[in-house]
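Each chain, letter by letter, is given below.
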Amino acid sequence: MNKHDSERIAGLLQQHGMEPVDEVGAADAVIFMTCCVREKADVRLFGQVSSLKTLKKRNRGLPIIAVGGCIGQRDGEKLIEQIPHIDVVFGTHNISSLPELIERAYNESITQVEILDDSVDEFSADLPSVPESSFHAWLPITTGCNNYCTYCVVPYVRGKEKSRMLETIVDDAKQMVDAGVKEITLLGQNVNSYGRDLYGEPRFADLLDKIALGGISRLGFATSHPKDLNDDTIAMMARHDNILDYLHLPVQSGSTAILEAMNRRYSKEQYLELIDRVREVMPGIALSTDIIVGFPGESEDDFEDTLEVVRAAQFSSAFTFIYSPREGTPAATLEGQVPDAVSQRRFERLVDEVQAQALEFSRSLRGTKASVLFEGISKRDENVLVGRDRHNKVVHVVLPEHTSAEQWEGFETEVAITGAHTWYITGELSQTDPEEN
Ligand code: SAH
Ligand code: SF4
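Given the structure is predicted, the values throughout are model-derived calculations rather than measurements.

Draft legend 1. Seen up close, the overall build of the chain. Secondary structure summary: the chain contains 16 helices and 17 strands in total. Compactness check: the chain gives a C-alpha radius of gyration of 23 Å against a globular reference of 22 Å for 437 residues, within 12% of the reference. Dimensions of the chain along its principal axes, counting C-alpha atoms only, are 65 × 60 × 45 Å. Expressed as a percentage of the 437 residues in the chain, the buried residues total 52%.

Have a look at this one:
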């Protein structure tokens, strides 16, 4: 969501006559979009903002430093007390104020702080945009979250869940298709409850149907909450070939007791039963997940339950986190906080298990033909083209002679999969010239 919001900020600022520069030293303004879901992100902001202090001193107060997103929303004025050389603080509900705030800070040299609550009806998706990619687009369908998982700060900084109108989203998708976008990712903290606030009942399956029929090559979405993923949505995913064969379904923990303490509202058994239902209709689907270790009260047995779920679910990938207490959330004051060393050991064991499953998944793809959308050249090897297949698995192929990465970017074609690694698979292109039909 932050990536998407950053594209909107770029669009908005360019509309106001500002232009991007490559070097921080050449900028009149630097904007930080922040995340506070875990402590690490908080700390990073402080480091990066502090590193601009000398530049600002040397350069008569420039660049203007603006901090927005979740930390801006959470801390407001407090941020200026902590880091006095910040000039502008804005929140998650008033991105559209940013150009004006920057201009005022620039012209009047007075610190500008504007934080609004979620009663504001602003969807960042309605603002102008400068997309990072020409072939992939983020498309927000909801903002905010009503779930209040007990560890999570998102509902406090992003506000209550609000859905955009179905017609608006379908129109946006159409414009993206017309502009040559190949893949759309629908965004929401819990896409499966889309429309509950507007239509009284979730209408995610309906939305998927309408967008899938609109001519996009690939359609994905994140994130799904297991408690709200229903059979209509599963059936809709199976019905449309252009919906990716991939589902991100955060489990968070495999222990029913911990899931209850997290307020996730499903049990270990319900989660496993849900993925069985998904695989019944889409046997080859790639499932990924989010997992937290070291939630307060997590015992060794609870953690074993998590490992058991990972083995049973055979995830193609997983984002793994050590629990990070967030001030103001119910879990932060629970008894039984797990010592760091214990969390760290569990984390390492979890990562080993996740990697073993991911490798297993990669191996299952060897010998198959994958449809790969290419994104560009590898950061490590300029002779390797990188893309993703329809399982959202990263695919590497050798860049064919006499072709350039630009020619392949945004191009989808078939690859015969020959090699399996934990986080990527390798293969051979069926077509070695993107220009040939
Ligand atoms: N709405 C999405 C994403 C929320 S944030 C969802 O529900 O899946 C992304 C991930 O960060 C979460 O899934 C969770 O695994 C992790 N996370 C959130 N708060 C955390 C915390 N306090 N400590 C560690 N991980 C956390
Ligand atoms: Fe946070 Fe839970 Fe909402 Fe996801 S569903 S954003 S984890 S409160």
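Draft legend 2. Region of the structure containing the packing of aromatic side chains. Evaluation of the coordinates by the stated rule reveals 8 aromatic pairs. Pairing Phe204 with Phe221 gives two aromatic rings, centres 5.1 Å apart and planes at 75°, and the pair type is edge-to-face. Of this pair, Phe204 sits in helix α10 (residues 204-212) while Phe221 sits in strand β9 (residues 218-222); the two residues are 17 residues apart in sequence, bridging distant segments of the chain. Both residues of the pair, Phe204 and Phe221, count as buried. Ring geometry for Phe295 and Tyr323: centres 5.5 Å apart, planes at 65°, overall edge-to-face. On the criterion of sequence distance, the pair formed by Phe295 in the loop between β11 (286-293) and α14 (300-313) and Tyr323 in the loop between β12 (317-322) and α15 (340-365) is long-range, its members being 28 residues apart. Of the aromatic side chains, those joined through ring pairs into one cluster are Tyr151, Phe295 and Tyr323. Positioned above the aromatic ring of Tyr199 is the side chain of Arg203, whose terminal nitrogen or guanidinium carbon lies 4.3 Å from the ring centre.

Draft legend 3. Representation of the environment of Ala27 within the structure. As for its placement among the helices and strands, Ala27 is situated in the loop between α1 (2-15) and β1 (29-34). The spatial distance from the C-alpha of Ala27 to the C-alpha of Ile64 is 8.5 Å, given a sequence separation of 37 residues. Beyond its immediate chain neighbours, meaning those up to four positions away, Ala27 contacts Val21 and Pro63.

Draft legend 4. The site of ligand 2, seen in detail. Taken together, the residues surrounding ligand 2 are Cys145, Asn147, Tyr148, Cys149, Tyr151, Cys152, Val154, Pro155, Gln189, His225 and Arg264. In terms of residue class, the shell around ligand 2 is made up of 7 nonpolar, 3 polar and 1 charged.

Draft legend 5. Examining the pattern of salt bridges more closely. Considering all chains together, one arrives at 29 salt bridges under this definition. Between Asp121 and Lys162 there is a salt bridge, with the nearest N and O atoms lying 3.5 Å from each other. With Asp121 in the loop between β4 (112-114) and β5 (136-140) and Lys162 in strand β7 (residues 162-163), this pair connects stretches of sequence that are 41 residues apart. With a relative accessible area of 15%, Lys162 lands in the buried category. The partner of Glu300 in a salt bridge is Arg349, with the nearest N and O atoms 3.2 Å apart. Highlighted residues: Glu300 in helix α14 and Arg349 in helix α15, separated in sequence by 49 residues. Sharing partners across several salt bridges, the network here consists of Glu183, Arg218, Glu375, Arg388, Arg390 and Glu412.

Draft legend 6. Quick look at the site of ligand 1. Looking at ligand 1, there are 15 residues lining it, with Arg38, Gln189, Gln252, Asp290 and Ser324 nearest. Gln189 is positioned such that a nitrogen or oxygen atom in its side chain is 2.8 Å from a nitrogen atom of ligand 1. At 2.6 Å from an oxygen atom of ligand 1 is found a side-chain nitrogen or oxygen belonging to Asp290. Put simply, the parts of the chain that give the shell around ligand 1 at least two residues each are β11 and β12.

Draft legend 7. Region of interest: the packing of α1 against helix α6 (residues 98-108). Axis separation between α1 and α6 bottoms out at 9 Å; the angle between their running directions is 60°. Looking at the two axes, α1 sits oblique to α6. Handedness of the α1/α6 crossing: right-handed. Contacts from Ile9, Leu12 and Leu13 in α1 reach Leu98, Pro99 and Ile102 in α6.

Calculation rules
Residues numbered from 1 in each chain as written. Chains lettered and ligands numbered in written order. Predicted model: local features only at pLDDT ≥ 70, side-chain atom pairs only at ≥ 80, totals over all residues. Heavy atoms only, no water. Helix = DSSP H or I, 4+ residues; strand = E, 2+ residues; numbered from the N terminus. Rg over C-alpha atoms; globule rule 2.2 N^0.38 Å. Buried < 20%, exposed > 50% of the residue type's maximum accessible area, 1.4 Å probe, protein only. Phe/Tyr/Trp six-rings, centres within 6.5 Å; stacked < 30°, edge-to-face > 60°. Lys NZ or Arg CZ within 6 Å of the ring centre and 35° of its normal. Contact = heavy atoms within 4.5 Å. Near = heavy atom within 4 Å. Nonpolar A, V, L, I, M, F, W, Y, C, P; charged D, E, K, R; others polar. Salt bridge = Lys/Arg side-chain N within 4 Å of Asp/Glu carboxyl O. Polar contact = N/O pair within 3.5 Å; in protein donor to acceptor, adjacent residues only side chain to side chain. Axes fitted to C-alpha atoms, helices over the stretch in contact; angles between N-to-C directions. Parallel < 35°, antiparallel > 145°, perpendicular 65-115°, else oblique. Left-handed = near helix turned anticlockwise from the far one by under 90°.

By themselves, these figures tell us nothing about what the structure is for.
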